[in-house]
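# Observations on the three-dimensional arrangement
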Amino acid sequence: MSSHNESILREPLMTGKGITYAQVTDDILLPVENKPNKAWWIGFIVAVCGAMLWVISVGYTFWTGIGAWGLNKTVGWAWDITDFVWWVGIGHAGTLISAVLLIFRQNWRNSINRSAEAMTIFAVICAATYVVAHMGRPWLAYWIFPLPNQFGSLWVNFNSPLVWDAFAISTYFTVSLVFWYCGLLPDIASVRDRAHGLRKKVYSILSFGWNGSVKSWQRFEIVSLILAGISTPLVLSVHTIVSMDFATSVIPGWHTTIFPPYFVAGAIFSGFAMVQTLLLILRKVMNFEHYITMFHIEAMNKIIMVTGSIVGVAYLTELFIAWYSGSEYEMYAFANRIAGPYAWAYWAMMTCNVISPQLFWFKKIRTSIPISWILSIIVNIGMWFERFVIIVTSLHRDYLPSSWAMFYPTWVDVGIFVGSIGLFFTLFLLFLRFLPGIAIAEVKLLLKSSSLQHKTKLVQEGAFPEDQVEFFRNSLEKYDSVTEEEINALRKK
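Residues numbered from 1 in each chain as written. Predicted model: local features only at pLDDT ≥ 70, side-chain atom pairs only at ≥ 80, totals over all residues. Heavy atoms only, no water.

### Quick look at the overall build of the chain
Scanning the chain from N- to C-terminus turns up 19 helices and zero strands. For 493 residues, the compact-globule estimate of 2.2 N^0.38 gives 23 Å, and the chain sits close to it at 24 Å. Considering only C-alpha atoms, the chain reaches an extent of 85 × 55 × 40 Å along its principal axes. When the accessible area of the chain is evaluated, it comes to approximately 22,000 Å², of which 70% is carbon and sulfur surface. Counting 35 positive and 31 negative side-chain charges, the chain places the averaged centre of each group 7 Å from the other. (Helix = DSSP H or I, 4+ residues; strand = E, 2+ residues; numbered from the N terminus. Rg over C-alpha atoms; globule rule 2.2 N^0.38 Å. Areas by Shrake-Rupley, 256 points an atom, 1.4 Å probe, with all protein chains shown as cover. Lys, Arg positive; Asp, Glu negative; His and termini not counted. Charge placed at Lys NZ, Arg CZ, Asp CG, Glu CD.)

Printed below as a string of structure tokens:
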């Protein structure tokens, strides 16, 4: 009998007792079908205030020009490109969770993929605003695409990584949006079937006529796998191309071949940290403790730990290659980072990105929700400093000492960055208000295979040996959503 069931040694991906398919739908649609609670309103008001700051700051930039930023003749890129790369990196985890983990049949993605995909889309939107704002003349933004125009033979420079950026990010956004929306169709249909009046009409249009037939589900599975196959190379390609904005230059500190894998690892690192930040809040505010379990939290912490270690190795490799190259310019670039006027940013980066993730080696820390949440924020602070260190410290002291200069951000720089965070959370909170934050159809797949109540039933029927059951009982001690009564129920009747 046990050969037909998931191993008892695997930790449950869903907790709670007496859960039915109907209850899964009710629990997940509760925030969508009812008025938002106080916590949602507080978060939304704060986020909207941030978004308004973004509107003011970007509007001021468009009116006065990018001279409103703290840029100068030496430091032509600073907070703008730092924020752009930071937001693109944050968007990476959604594609990884949605596509790569789907291809490898990792069922623990089922509870977190929807919010991670939404996070990807909103992060890329925030990143795109920096590209448009940095153009100086945003009404000519379409010039970055190879479109026929009325100006004769004007054409983009296909040798420029900035053009590659436009193609990579627009492709990434399009595929991620289609992937996210296709996954939403069954759940939007569930909202449609329970709605009335105008809401029913709106969700009927958004559901594209989904009827839940066997043929619809077959096509849904096929399309999901095809989009996952298309998306998987994007996990590697997008941040690789972003890294080439720097690696194809001759600036000391930028001209290095390690940037593509280094940037990809850093993007996954920061992306998972942001997913962790959002899901821990979502889990508490929306009462999703039974669906986003301690297993999910610990699994993401392990990925953060591994990718943080890869990023740490990349930092050390950069230092070694700068010394091994024998180039005095390259060596000075890194000496300036370590002990120059921006040394505080370098050591903040090293502390947040290299030292703090190593704390996840300790099980008590990676299974502690408050510490996990704090460390996830620290990681994203560190990844912002990483981009700042790469961009500003490499530019502010270049080959010509007479042109050396310091960069100081203006209120507009700060306003656009803080405002973009407000814009991101505004979009994310609106998503949680009108669409299911967890994939209902995919979570239901876990009910009869990976849920605690299913495994408890099998244990009571004697489907597993006692030593394995004891191991399973011990693994549940870290779950904050499992009661002592449920652990004691894991006994043969």
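### Side note on the nonpolar core
Counting 119 residues, the largest nonpolar core has Trp87, Phe246 and Phe272 as its most contacted members. It is helix H9 (residues 259–285) that contributes the most residues to this core, 14 residues altogether. Setting aside chain neighbours within four positions, we find Phe246 in contact with Trp77, Ile81, Val85, Trp254, His255, Phe259, Phe263 and Ile391. Membership of the second largest hydrophobic core comes to 16 residues, among which are Leu280, Ile297, Val459 and Ile487. (Core = buried A, V, L, I, M, F, W, Y, C linked by side-chain atoms within 4.5 Å. Buried < 20%, exposed > 50% of the residue type's maximum accessible area, 1.4 Å probe, protein only. Contact = heavy atoms within 4.5 Å.)

### So, the packing of helix H5 (residues 113–134) against helix H15 (residues 411–434)
In the contact formed by H5 and H15, the axes pass within 10 Å of each other and the chain directions differ by 145°. Crossing hand, H5 versus H15: right-handed. On H15, the residues touching Arg114, Ser115, Ala118, Met119, Phe122, Ala123, Ile125, Cys126 and Tyr130 of H5 are Ile416, Phe417, Ser420, Leu423, Phe424, Leu427, Phe428 and Phe431. Residue composition of the contact of H5 with H15, grouped by class: 14 nonpolar, two polar and one charged. (Axes fitted to C-alpha atoms, helices over the stretch in contact; angles between N-to-C directions. Left-handed = near helix turned anticlockwise from the far one by under 90°. Nonpolar A, V, L, I, M, F, W, Y, C, P; charged D, E, K, R; others polar.)

### Structural notes on the packing of aromatic side chains
The tally for this structure, following the rule as stated, stands at 41 aromatic pairs. Each ring, one from Trp41 and one from Phe44, has its centre 6.1 Å from the other, and the planes form 80°; the classification is edge-to-face. Here Trp41 pairs with Phe44, and both are found in helix H2 (residues 38–64), just three residues apart, close to one helical turn. Accessibility expressed as a relative area gives 43% for Trp41, which makes it partly exposed. The exposure class assigned to Phe44 is buried, which follows from its relative accessible area of 17%. Measuring from ring centre to ring centre gives 5.7 Å for Trp210 and Phe220, while their planes differ by 75°; the resulting arrangement is edge-to-face. You can see Trp210 sitting in the loop between helix H7 (197–206) and helix H8 (214–247) and its partner Phe220 sitting in helix H8, a full ten residues away along the chain. One exposure class covers both Trp210 and Phe220, and it is buried. A cation sits over an aromatic face here: Arg433 above Phe434, 5.4 Å from the ring centre. (Phe/Tyr/Trp six-rings, centres within 6.5 Å; stacked < 30°, edge-to-face > 60°. Lys NZ or Arg CZ within 6 Å of the ring centre and 35° of its normal.)

### With respect to the pattern of salt bridges
All told, the structure shown has 13 salt bridges when counted by the stated rule. Residue Arg109 is joined to Glu442 by a salt bridge in which the shortest nitrogen-to-oxygen separation is 2.9 Å. With Arg109 in the loop between helix H4 (92–103) and H5 and Glu442 in helix H16 (residues 440–447), this residue pair connects regions lying 333 residues apart in the sequence. One salt bridge in this structure joins Glu386 and Arg387, with 3.5 Å as the shortest N-O distance. Here Glu386 and Arg387 have matching classes, each one buried. (Salt bridge = Lys/Arg side-chain N within 4 Å of Asp/Glu carboxyl O.)

### Quick look at the confidence of the model for the chain
When pLDDT is averaged along the chain, the result is 87; 97% of the residues meet or exceed 70. Mean pLDDT values for the elements of the chain range from 78 in helix H19 (residues 484–488) up to 93 in helix H12 (residues 343–355). (pLDDT = per-residue confidence, 0-100.)

### A word on unusual backbone geometry
A positive phi angle, near 55°, is found at Arg105, a position not held by glycine. Topologically, Arg105 is positioned in the loop between H4 and H5. Even without a glycine there, the phi angle at Phe208 is positive, about 55°. By the secondary structure assignment, Phe208 is in the loop between H7 and H8.

### Points about H4
With twelve residues, H4 ought to run about 16 Å at 1.5 Å a step, and its terminal C-alpha atoms sit 16 Å apart, in line with that. The buried count for H4 comes to eleven of twelve residues, which makes it a mostly enclosed element. Residues of H4 that are buried include every one of His92, Ala93, Gly94, Thr95, Leu96, Ile97, Ser98, Ala99, Val100, Leu101 and Leu102, and no others. The inward-facing, buried residues of H4 abut helix H3 (79–90), H5, helix H6 (161–194), H8 and H9. At the exit of H4 stands Arg105, carrying a positive phi of roughly 55°. (Expected span 1.5 Å × (residues − 1).)

### Some thoughts on the packing of helix H10 (residues 294–325) against H12
Closest axis-to-axis distance for the H10/H12 pair is 9 Å, and the angle between their directions is 145°. From H10, Gly308, Gly312, Tyr315 and Leu319 reach across to H12, where they touch Tyr346, Met349, Met350, Asn353 and Val354. Looking at the contact of H10 with H12 residue by residue, the classes come out as six nonpolar, three polar and no charged.

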